[in-house]
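Analysis of the macromolecular model
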Amino acid sequence: MRGFAMLGPGTTGWIEKERPKCGPMDAICRPLSLAACTSDIHTVYENALGPRTDMILGHEGTGEVVEVGSLVKDFKPGDKVMVAAITPDWNSVAAQGGFAMHSGGMLAGWKFSNIKDGMFAEFFHVNDADGNLAHLPEGMDVGVAAMMSDMIPTGFHASELAKVEYGDTVCVIGIGPVGLMGVRGAVLRGASRIYAVGTRPNCIEVAKKYGATEIVSYKDGPLDKQILELTKGQGVDKVIVAGGDCDTFDEALKMLKAGGIIGNVNYIGKGDYVKIPRAEWGVGMGHKTITGGLMPGGRRRLERLASLITTNRVDPSLIITHRYDGLDKVEDMLQIMHDKPIDLIKPVAIINW
Ligand code: NDP
Ligand code: ZN
(Lines give C-alpha, C1' and ligand atoms only; values in the text may rest on other atoms or scores of the structure.)
(Ligands and ions follow the chains in the order given, each with its own letter.)
Protein backbone atom coordinates (compact mmCIF):
# COMPACT_ATOMS: atom_id res chain seq x y z
CA MET A 1 0.00 0.00 0.00
CA ARG A 2 0.96 3.62 -0.47
CA GLY A 3 1.45 5.99 2.45
CA PHE A 4 2.82 9.43 3.23
CA ALA A 5 5.57 9.08 5.80
CA MET A 6 8.16 10.73 7.96
CA LEU A 7 11.30 9.37 6.29
CA GLY A 8 13.57 10.72 9.02
CA PRO A 9 13.90 13.93 11.06
CA GLY A 10 12.72 16.85 8.92
CA THR A 11 11.90 14.81 5.80
CA THR A 12 8.68 13.35 4.42
CA GLY A 13 7.69 11.44 1.28
CA TRP A 14 5.51 8.72 -0.23
CA ILE A 15 6.50 5.14 0.47
CA GLU A 16 5.23 1.63 -0.28
CA LYS A 17 4.58 -0.74 2.62
CA GLU A 18 2.88 -4.06 3.27
CA ARG A 19 -0.80 -3.68 4.14
CA PRO A 20 -1.03 -4.09 7.95
CA LYS A 21 -2.12 -7.48 9.30
CA CYS A 22 -5.35 -7.81 11.27
CA GLY A 23 -5.05 -9.50 14.68
CA PRO A 24 -8.06 -11.18 16.33
CA MET A 25 -9.20 -8.00 18.12
CA ASP A 26 -8.18 -5.54 15.41
CA ALA A 27 -9.68 -3.83 12.40
CA ILE A 28 -8.21 -2.67 9.11
CA CYS A 29 -9.77 0.49 7.67
CA ARG A 30 -9.54 2.63 4.57
CA PRO A 31 -9.56 6.35 5.32
CA LEU A 32 -12.66 8.33 4.30
CA SER A 33 -11.34 11.62 5.66
CA LEU A 34 -7.98 12.70 7.07
CA ALA A 35 -6.68 15.75 8.88
CA ALA A 36 -3.15 16.99 9.50
CA CYS A 37 -2.19 18.07 13.00
CA THR A 38 0.26 20.47 14.59
CA SER A 39 1.56 17.39 16.45
CA ASP A 40 2.72 15.92 13.10
CA ILE A 41 4.75 19.11 12.63
CA HIS A 42 6.39 18.81 16.08
CA THR A 43 7.16 15.16 15.36
CA VAL A 44 8.63 15.63 11.88
CA TYR A 45 10.31 19.02 12.05
CA GLU A 46 11.24 19.40 15.73
CA ASN A 47 12.27 15.78 16.29
CA ALA A 48 10.14 16.13 19.40
CA LEU A 49 9.54 12.40 19.95
CA GLY A 50 12.98 11.38 18.73
CA PRO A 51 13.88 10.02 15.31
CA ARG A 52 11.41 7.94 13.31
CA THR A 53 12.20 6.20 10.02
CA ASP A 54 9.64 5.55 7.25
CA MET A 55 6.75 5.97 9.67
CA ILE A 56 3.43 6.75 7.98
CA LEU A 57 2.00 9.97 9.41
CA GLY A 58 -1.52 10.96 10.39
CA HIS A 59 -3.67 10.21 13.43
CA GLU A 60 -6.87 12.07 12.62
CA GLY A 61 -9.61 10.83 10.33
CA THR A 62 -12.54 8.54 9.74
CA GLY A 63 -12.58 5.22 7.96
CA GLU A 64 -14.48 2.40 6.38
CA VAL A 65 -13.81 -0.98 7.93
CA VAL A 66 -12.44 -3.47 5.39
CA GLU A 67 -11.47 -6.34 7.69
CA VAL A 68 -12.03 -7.32 11.32
CA GLY A 69 -10.43 -9.96 13.54
CA SER A 70 -12.31 -13.05 14.71
CA LEU A 71 -12.96 -11.62 18.22
CA VAL A 72 -14.37 -8.26 17.11
CA LYS A 73 -18.06 -8.10 18.03
CA ASP A 74 -19.51 -4.73 17.06
CA PHE A 75 -17.92 -3.82 13.74
CA LYS A 76 -17.90 -5.45 10.32
CA PRO A 77 -16.55 -4.70 6.85
CA GLY A 78 -18.42 -1.80 5.26
CA ASP A 79 -19.06 0.04 8.56
CA LYS A 80 -18.15 3.72 8.59
CA VAL A 81 -16.31 4.65 11.73
CA MET A 82 -14.85 7.45 13.80
CA VAL A 83 -11.34 6.70 15.03
CA ALA A 84 -9.65 8.40 17.97
CA ALA A 85 -6.05 9.54 17.64
CA ILE A 86 -5.27 7.70 20.87
CA THR A 87 -6.05 3.97 20.73
CA PRO A 88 -5.21 2.44 24.13
CA ASP A 89 -4.90 -1.21 25.03
CA TRP A 90 -8.02 -1.41 27.14
CA ASN A 91 -7.03 -4.70 28.66
CA SER A 92 -4.06 -3.17 30.46
CA VAL A 93 -3.13 -2.26 34.01
CA ALA A 94 -2.74 1.40 33.01
CA ALA A 95 -6.33 1.41 31.71
CA GLN A 96 -7.52 -0.13 34.98
CA GLY A 97 -5.77 2.70 36.77
CA GLY A 98 -7.68 5.31 34.74
CA PHE A 99 -4.83 6.26 32.46
CA ALA A 100 -5.48 4.20 29.37
CA MET A 101 -3.70 6.77 27.21
CA HIS A 102 -0.46 5.62 28.87
CA SER A 103 -1.06 1.90 28.37
CA GLY A 104 2.24 0.32 27.41
CA GLY A 105 4.27 3.22 28.87
CA MET A 106 4.03 6.99 29.00
CA LEU A 107 2.11 8.26 25.92
CA ALA A 108 2.05 4.74 24.45
CA GLY A 109 -1.73 4.82 23.94
CA TRP A 110 -0.79 7.24 21.17
CA LYS A 111 0.12 4.70 18.54
CA PHE A 112 -0.70 6.23 15.13
CA SER A 113 2.21 8.26 13.78
CA ASN A 114 4.13 7.76 17.02
CA ILE A 115 4.90 4.09 17.59
CA LYS A 116 3.20 2.59 14.53
CA ASP A 117 2.12 3.66 11.08
CA GLY A 118 -0.58 6.29 10.99
CA MET A 119 -3.60 6.92 8.80
CA PHE A 120 -2.14 8.76 5.79
CA ALA A 121 -2.24 5.56 3.71
CA GLU A 122 -4.52 3.35 1.68
CA PHE A 123 -5.13 1.24 4.78
CA PHE A 124 -4.57 1.68 8.49
CA HIS A 125 -4.65 -0.70 11.44
CA VAL A 126 -6.74 -0.17 14.59
CA ASN A 127 -5.91 -2.21 17.70
CA ASP A 128 -8.69 -3.23 20.09
CA ALA A 129 -11.37 -2.34 17.54
CA ASP A 130 -14.39 -2.74 19.83
CA GLY A 131 -12.80 -0.33 22.32
CA ASN A 132 -11.32 2.18 19.92
CA LEU A 133 -13.80 2.59 17.04
CA ALA A 134 -17.24 4.18 17.11
CA HIS A 135 -19.91 4.06 14.44
CA LEU A 136 -20.17 7.25 12.41
CA PRO A 137 -23.42 8.94 13.47
CA GLU A 138 -25.99 8.90 10.70
CA GLY A 139 -25.75 11.92 8.44
CA MET A 140 -22.52 13.22 9.96
CA ASP A 141 -20.09 14.66 7.40
CA VAL A 142 -16.81 12.72 7.43
CA GLY A 143 -14.83 15.99 7.39
CA VAL A 144 -16.58 17.13 10.56
CA ALA A 145 -16.19 13.66 12.08
CA ALA A 146 -12.42 13.87 11.53
CA MET A 147 -12.44 16.57 14.24
CA MET A 148 -13.60 13.82 16.60
CA SER A 149 -10.21 12.10 16.40
CA ASP A 150 -8.23 14.75 18.22
CA MET A 151 -9.41 18.38 18.13
CA ILE A 152 -12.59 17.93 20.15
CA PRO A 153 -11.30 15.28 22.59
CA THR A 154 -8.06 17.18 23.20
CA GLY A 155 -9.55 20.65 23.49
CA PHE A 156 -12.27 19.33 25.80
CA HIS A 157 -9.70 17.40 27.83
CA ALA A 158 -7.98 20.69 28.62
CA SER A 159 -11.02 21.93 30.53
CA GLU A 160 -11.35 18.54 32.22
CA LEU A 161 -7.71 18.78 33.33
CA ALA A 162 -8.27 22.32 34.59
CA LYS A 163 -11.49 21.15 36.31
CA VAL A 164 -13.44 24.12 34.95
CA GLU A 165 -16.55 24.75 37.07
CA TYR A 166 -19.64 26.98 36.93
CA GLY A 167 -18.69 30.62 37.08
CA ASP A 168 -14.95 30.10 36.66
CA THR A 169 -12.93 32.77 34.93
CA VAL A 170 -10.67 31.02 32.46
CA CYS A 171 -7.76 32.05 30.29
CA VAL A 172 -7.27 29.88 27.20
CA ILE A 173 -3.71 30.34 25.96
CA GLY A 174 -3.65 29.49 22.26
CA ILE A 175 -6.69 29.46 20.01
CA GLY A 176 -5.62 27.26 17.16
CA PRO A 177 -8.09 24.41 16.58
CA VAL A 178 -7.18 22.75 19.90
CA GLY A 179 -7.52 25.93 21.98
CA LEU A 180 -10.77 26.80 20.20
CA MET A 181 -12.19 23.49 21.34
CA GLY A 182 -10.73 24.37 24.74
CA VAL A 183 -12.88 27.51 24.70
CA ARG A 184 -15.97 25.56 23.73
CA GLY A 185 -15.29 22.87 26.33
CA ALA A 186 -14.88 25.53 29.04
CA VAL A 187 -18.20 27.12 28.03
CA LEU A 188 -19.98 23.77 28.21
CA ARG A 189 -18.50 23.15 31.66
CA GLY A 190 -19.88 26.46 32.89
CA ALA A 191 -17.10 29.05 32.63
CA SER A 192 -18.12 32.68 32.91
CA ARG A 193 -15.48 35.05 31.53
CA ILE A 194 -13.12 33.46 29.03
CA TYR A 195 -9.98 35.31 27.97
CA ALA A 196 -8.75 33.78 24.71
CA VAL A 197 -5.14 34.32 23.66
CA GLY A 198 -4.25 34.40 19.96
CA THR A 199 -3.83 36.69 16.96
CA ARG A 200 -5.11 35.00 13.78
CA PRO A 201 -8.33 36.79 12.74
CA ASN A 202 -10.20 33.60 11.76
CA CYS A 203 -9.36 32.02 15.08
CA ILE A 204 -10.49 35.11 16.96
CA GLU A 205 -13.80 35.11 15.12
CA VAL A 206 -14.44 31.45 15.97
CA ALA A 207 -13.28 31.95 19.58
CA LYS A 208 -15.99 34.60 19.97
CA LYS A 209 -18.58 32.35 18.34
CA TYR A 210 -17.61 29.54 20.73
CA GLY A 211 -18.04 31.84 23.72
CA ALA A 212 -14.79 33.73 24.44
CA THR A 213 -15.62 37.03 26.11
CA GLU A 214 -12.26 38.81 25.65
CA ILE A 215 -9.39 38.39 23.21
CA VAL A 216 -5.79 38.95 24.31
CA SER A 217 -2.68 39.02 22.12
CA TYR A 218 0.60 37.55 23.37
CA LYS A 219 2.24 40.06 21.04
CA ASP A 220 1.02 42.95 23.22
CA GLY A 221 3.28 42.11 26.18
CA PRO A 222 3.43 39.50 28.95
CA LEU A 223 0.12 37.67 29.23
CA ASP A 224 0.08 37.71 33.02
CA LYS A 225 0.31 41.51 33.09
CA GLN A 226 -2.52 41.81 30.59
CA ILE A 227 -4.77 39.34 32.40
CA LEU A 228 -4.08 40.86 35.82
CA GLU A 229 -4.99 44.25 34.43
CA LEU A 230 -8.19 42.94 32.86
CA THR A 231 -9.18 41.18 36.09
CA LYS A 232 -8.28 44.15 38.33
CA GLY A 233 -5.42 42.23 39.89
CA GLN A 234 -7.53 39.16 40.73
CA GLY A 235 -6.23 36.75 38.11
CA VAL A 236 -8.19 33.80 36.75
CA ASP A 237 -9.49 30.60 38.36
CA LYS A 238 -8.24 28.30 35.62
CA VAL A 239 -5.80 28.39 32.73
CA ILE A 240 -5.97 26.17 29.67
CA VAL A 241 -2.70 25.92 27.75
CA ALA A 242 -3.03 25.04 24.06
CA GLY A 243 -0.18 27.08 22.62
CA GLY A 244 3.06 28.79 23.56
CA ASP A 245 6.27 27.23 24.83
CA CYS A 246 8.25 26.42 28.00
CA ASP A 247 7.93 30.03 29.21
CA THR A 248 4.14 29.98 28.94
CA PHE A 249 3.90 28.31 32.37
CA ASP A 250 5.62 31.31 33.90
CA GLU A 251 2.87 33.55 32.56
CA ALA A 252 0.12 31.03 33.37
CA LEU A 253 1.18 30.70 37.02
CA LYS A 254 1.45 34.44 37.44
CA MET A 255 -2.13 35.00 36.21
CA LEU A 256 -3.59 32.13 38.26
CA LYS A 257 -5.40 32.69 41.56
CA ALA A 258 -4.27 30.70 44.60
CA GLY A 259 -5.97 27.34 44.44
CA GLY A 260 -6.20 27.54 40.66
CA ILE A 261 -5.41 24.88 38.11
CA ILE A 262 -3.47 24.92 34.84
CA GLY A 263 -4.58 22.28 32.33
CA ASN A 264 -2.04 21.86 29.58
CA VAL A 265 -2.64 20.00 26.33
CA ASN A 266 0.10 21.75 24.38
CA TYR A 267 2.68 19.39 22.91
CA ILE A 268 5.81 21.21 24.00
CA GLY A 269 8.10 20.45 21.09
CA LYS A 270 11.28 22.21 22.23
CA GLY A 271 13.30 23.08 25.33
CA ASP A 272 14.44 21.07 28.35
CA TYR A 273 12.56 22.62 31.26
CA VAL A 274 9.33 24.51 31.80
CA LYS A 275 9.58 27.58 33.96
CA ILE A 276 7.78 27.81 37.31
CA PRO A 277 8.04 31.20 39.06
CA ARG A 278 8.86 30.60 42.73
CA ALA A 279 7.12 33.63 44.28
CA GLU A 280 3.94 33.42 42.20
CA TRP A 281 3.75 29.71 42.90
CA GLY A 282 3.14 30.84 46.46
CA VAL A 283 6.77 30.00 47.34
CA GLY A 284 5.63 26.42 46.89
CA MET A 285 2.48 26.80 48.99
CA GLY A 286 -0.06 28.49 46.70
CA HIS A 287 -2.16 25.41 45.93
CA LYS A 288 -1.62 26.11 42.26
CA THR A 289 -1.85 22.85 40.34
CA ILE A 290 -0.07 22.30 37.04
CA THR A 291 -1.32 19.34 35.08
CA GLY A 292 -0.96 18.23 31.50
CA GLY A 293 -2.35 15.32 29.59
CA LEU A 294 -2.62 13.38 26.41
CA MET A 295 -6.22 13.14 25.27
CA PRO A 296 -8.00 10.00 26.43
CA GLY A 297 -9.15 7.73 23.63
CA GLY A 298 -11.85 5.15 23.52
CA ARG A 299 -15.21 4.39 22.01
CA ARG A 300 -17.35 5.61 24.90
CA ARG A 301 -15.72 9.01 24.77
CA LEU A 302 -16.05 9.17 20.97
CA GLU A 303 -19.76 8.39 21.21
CA ARG A 304 -20.40 10.86 24.02
CA LEU A 305 -18.49 13.73 22.44
CA ALA A 306 -20.10 13.04 19.04
CA SER A 307 -23.48 13.42 20.73
CA LEU A 308 -22.49 17.03 21.45
CA ILE A 309 -22.20 17.56 17.69
CA THR A 310 -25.50 15.89 16.86
CA THR A 311 -27.28 17.98 19.52
CA ASN A 312 -25.63 21.18 18.21
CA ARG A 313 -23.68 21.92 21.42
CA VAL A 314 -20.52 22.22 19.39
CA ASP A 315 -20.13 22.96 15.69
CA PRO A 316 -16.71 21.71 14.51
CA SER A 317 -17.36 22.86 10.95
CA LEU A 318 -16.37 26.36 12.12
CA ILE A 319 -12.73 25.31 12.51
CA ILE A 320 -12.40 23.63 9.09
CA THR A 321 -10.96 26.30 6.81
CA HIS A 322 -9.28 24.18 4.10
CA ARG A 323 -10.76 21.15 2.33
CA TYR A 324 -8.79 18.86 0.03
CA ASP A 325 -9.85 16.06 -2.26
CA GLY A 326 -8.08 12.69 -2.28
CA LEU A 327 -5.33 10.82 -0.46
CA ASP A 328 -2.61 12.43 -2.61
CA LYS A 329 -3.46 15.76 -1.03
CA VAL A 330 -2.27 14.80 2.45
CA GLU A 331 1.12 16.06 1.33
CA ASP A 332 -0.29 19.55 0.66
CA MET A 333 -2.26 19.34 3.88
CA LEU A 334 0.85 18.66 5.95
CA GLN A 335 2.69 21.46 4.17
CA ILE A 336 -0.03 23.99 4.94
CA MET A 337 0.01 22.86 8.57
CA HIS A 338 3.74 23.52 8.56
CA ASP A 339 3.42 26.94 6.89
CA LYS A 340 0.39 28.02 8.99
CA PRO A 341 -0.91 30.75 6.66
CA ILE A 342 -2.89 33.37 8.50
CA ASP A 343 -6.28 32.11 7.30
CA LEU A 344 -5.66 28.50 8.37
CA ILE A 345 -7.40 26.92 11.31
CA LYS A 346 -7.70 23.26 10.34
CA PRO A 347 -7.40 21.40 7.01
CA VAL A 348 -9.20 18.20 6.12
CA ALA A 349 -8.97 15.86 3.11
CA ILE A 350 -11.95 13.82 1.88
CA ILE A 351 -11.14 10.50 0.21
CA ASN A 352 -13.58 8.91 -2.21
CA TRP A 353 -12.47 5.41 -3.18
P1 NDP B 1 -1.83 26.08 16.50
O2 NDP B 1 -0.42 26.29 16.12
O3 NDP B 1 -2.88 26.15 15.43
O4 NDP B 1 -2.24 27.15 17.61
C5 NDP B 1 -1.34 27.62 18.57
C6 NDP B 1 -1.95 28.81 19.26
O7 NDP B 1 -1.00 29.30 20.20
C8 NDP B 1 -2.27 29.96 18.34
O9 NDP B 1 -3.46 30.58 18.75
C10 NDP B 1 -1.11 30.88 18.51
O11 NDP B 1 -1.42 32.24 18.23
C12 NDP B 1 -0.82 30.71 19.98
N13 NDP B 1 0.54 31.07 20.37
C14 NDP B 1 1.68 30.99 19.64
N15 NDP B 1 2.73 31.45 20.35
C16 NDP B 1 2.25 31.81 21.56
C17 NDP B 1 2.85 32.37 22.72
N18 NDP B 1 4.15 32.61 22.79
N19 NDP B 1 2.06 32.60 23.76
C20 NDP B 1 0.75 32.34 23.72
N21 NDP B 1 0.11 31.83 22.64
C22 NDP B 1 0.86 31.57 21.57
O23 NDP B 1 -1.89 24.69 17.25
P24 NDP B 1 -3.07 23.63 17.46
O25 NDP B 1 -4.26 24.30 17.99
O26 NDP B 1 -3.21 22.81 16.23
O27 NDP B 1 -2.40 22.71 18.57
C28 NDP B 1 -2.05 23.24 19.84
C29 NDP B 1 -1.11 22.29 20.55
O30 NDP B 1 -1.81 21.12 20.99
C31 NDP B 1 0.03 21.79 19.68
O32 NDP B 1 1.23 21.82 20.43
C33 NDP B 1 -0.37 20.38 19.37
O34 NDP B 1 0.73 19.57 19.04
C35 NDP B 1 -1.00 19.98 20.68
N36 NDP B 1 -1.84 18.80 20.67
C37 NDP B 1 -1.90 18.06 21.83
C38 NDP B 1 -2.69 16.94 21.92
C39 NDP B 1 -2.86 16.20 23.23
O40 NDP B 1 -3.41 15.09 23.25
N41 NDP B 1 -2.46 16.76 24.35
C42 NDP B 1 -3.41 16.45 20.74
C43 NDP B 1 -3.37 17.35 19.61
C44 NDP B 1 -2.59 18.46 19.57
P45 NDP B 1 -1.61 32.85 16.74
O46 NDP B 1 -3.07 33.13 16.62
O47 NDP B 1 -0.77 34.05 16.73
O48 NDP B 1 -1.16 31.81 15.76
ZN1 ZN C 1 -3.62 15.53 16.22
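Structure: above.
One structure accompanies this document, and this report is about it. Please read these numbers as outputs of a predicted model, since none were measured by experiment.

1. Focus: the packing of aromatic side chains
- Applying the stated criterion across every chain, the model contains three aromatic pairs.
- Between tryptophan 110 and tyrosine 267, the aromatic rings sit 5.9 Å apart at their centres with planes inclined by 80°, giving edge-to-face as the arrangement. Remark: tyrosine 267 occurs in the loop between strand E13 (256-264) and strand E14 (289-292) and tryptophan 110 occurs in the loop between helix H2 (93-96) and strand E7 (124-126); sequence separation between them is 157 residues. An identical accessibility class is assigned to tryptophan 110 and tyrosine 267; each is buried.
- Ring geometry for phenylalanine 112 versus phenylalanine 124: centroids 5.9 Å apart, planes at 85°, classification edge-to-face. One end of the pair, phenylalanine 112, is in the loop between H2 and E7; the other, phenylalanine 124, is in strand E7, and twelve residues separate them in sequence.
- For phenylalanine 124, a relative accessible area of 1% corresponds to the buried category.

2. What to know about the coordination of the zinc ion (ligand 2)
- Summarising the metal site, the zinc ion (ligand 2) is bound by the protein donors Cys37 (SG), His59 (NE2), Glu60 (OE) and Asp150 (OD), whose distances to it range over 1.9 to 2.2 Å.
- Between the four donor atoms coordinating the zinc ion (ligand 2), the angles at the centre fall across 93 to 131°, so the site counts as tetrahedral.
- Residue classification places glutamate 60 among the buried residues on the basis of a relative accessible area of 0%.
- For aspartate 150, a relative accessible area of 9% puts it in the buried group.

3. Observations regarding the side chain of asparagine 114
- Considering the arrangement of structural elements, one finds asparagine 114 in the loop between H2 and E7.
- Judged by relative accessible area, which is 6%, asparagine 114 ranks as buried.
- Separated by 2.9 Å, the side chain of asparagine 114 and the backbone oxygen of tryptophan 110 make a polar contact.
- Those residues in contact with asparagine 114, other than ones at most four positions away along the chain, are Leu49, Arg52, Met55 and Leu107.

4. Concerning the layout of surface pockets
- In this structure, the second largest pocket spans a volume of roughly 230 Å³.
- For the second largest pocket, the full set of lining residues is Phe156, Ser159, Glu160, Gly185, Leu188, Arg189, Arg300, Arg301, Arg304, Leu305 and Leu308.
- Elements that contribute at least two residues to the lining of the second largest pocket include exactly helix H5 (151-161), helix H6 (177-188) and helix H10 (299-310).
- Top contributing element to the lining of the second largest pocket by residue count: H10, with five residues.
- Taken together, the residues that form the lining of the second largest pocket break down as four nonpolar, two polar and five charged.

5. Observations regarding the site of ligand 1
- Of all residues adjacent to ligand 1, which total 25 residues, the nearest are Thr38, Thr199, Tyr218, Asn266 and Lys340.
- A distance of 2.9 Å separates an oxygen atom of ligand 1 from a polar atom in the side chain of histidine 42.
- For ligand 1, an oxygen atom lies 3.1 Å from a polar atom in the backbone of tyrosine 267.
- When contributions to the shell around ligand 1 are tallied by element, the ones reaching two or more residues are helix H1 (38-45) and H6.
- Sorting elements by how many residues they give to the shell around ligand 1 places H1 first, with three residues.

6. Regarding the nonpolar core
- Membership of the largest hydrophobic core comes to 58 residues, with the highest contact counts inside it found for Met147, Ile175, Leu180 and Ile319.
- With residues up to four places along the chain from it excluded, the contact list for isoleucine 319 reads Met147, Met151, Pro177, Leu180, Met181, Val206, Tyr210, Ile345 and Lys346.

7. As for unusual backbone geometry
- Within the chain, leucine 107 stands out as a residue other than glycine whose phi angle is a positive 70°.
- Turning to its location among the elements, leucine 107 is positioned in the loop between H2 and E7.
- According to the relative accessible area criterion, leucine 107 is partly exposed, its value standing at 31%.

8. Quick look at the environment of lysine 270
- Mapped onto the fold, lysine 270 is located in the loop between E13 and E14.
- For lysine 270 and leucine 294, which are 24 residues apart along the polypeptide, the C-alpha to C-alpha distance reads 17 Å.
- Ignoring sequence-local partners within four residues, the contact set of lysine 270 consists of Glu46 and Cys246.

What counts and what doesn't
Residues numbered from 1 in each chain as written. Chains lettered and ligands numbered in written order. Predicted model: local features only at pLDDT ≥ 70, side-chain atom pairs only at ≥ 80, totals over all residues. Heavy atoms only, no water. Phe/Tyr/Trp six-rings, centres within 6.5 Å; stacked < 30°, edge-to-face > 60°. Helix = DSSP H or I, 4+ residues; strand = E, 2+ residues; numbered from the N terminus. Buried < 20%, exposed > 50% of the residue type's maximum accessible area, 1.4 Å probe, protein only. Donors = N, O, S within 2.8 Å, 3.2 Å for Na, K, Ca; no water. Tetrahedral: all angles 85-135°; square planar, octahedral: opposite > 155°, others 65-115°. Polar contact = N/O pair within 3.5 Å; in protein donor to acceptor, adjacent residues only side chain to side chain. Contact = heavy atoms within 4.5 Å. 1 Å grid on protein atoms, 1.4 Å probe; cavity = no way out; pocket = protein on both sides within 12 Å on 5 of 7 lines; lining within 4 Å. Points joined across faces, edges and corners; volume = space filled by probe spheres on them. Nonpolar A, V, L, I, M, F, W, Y, C, P; charged D, E, K, R; others polar. Near = heavy atom within 4 Å. Core = buried A, V, L, I, M, F, W, Y, C linked by side-chain atoms within 4.5 Å.

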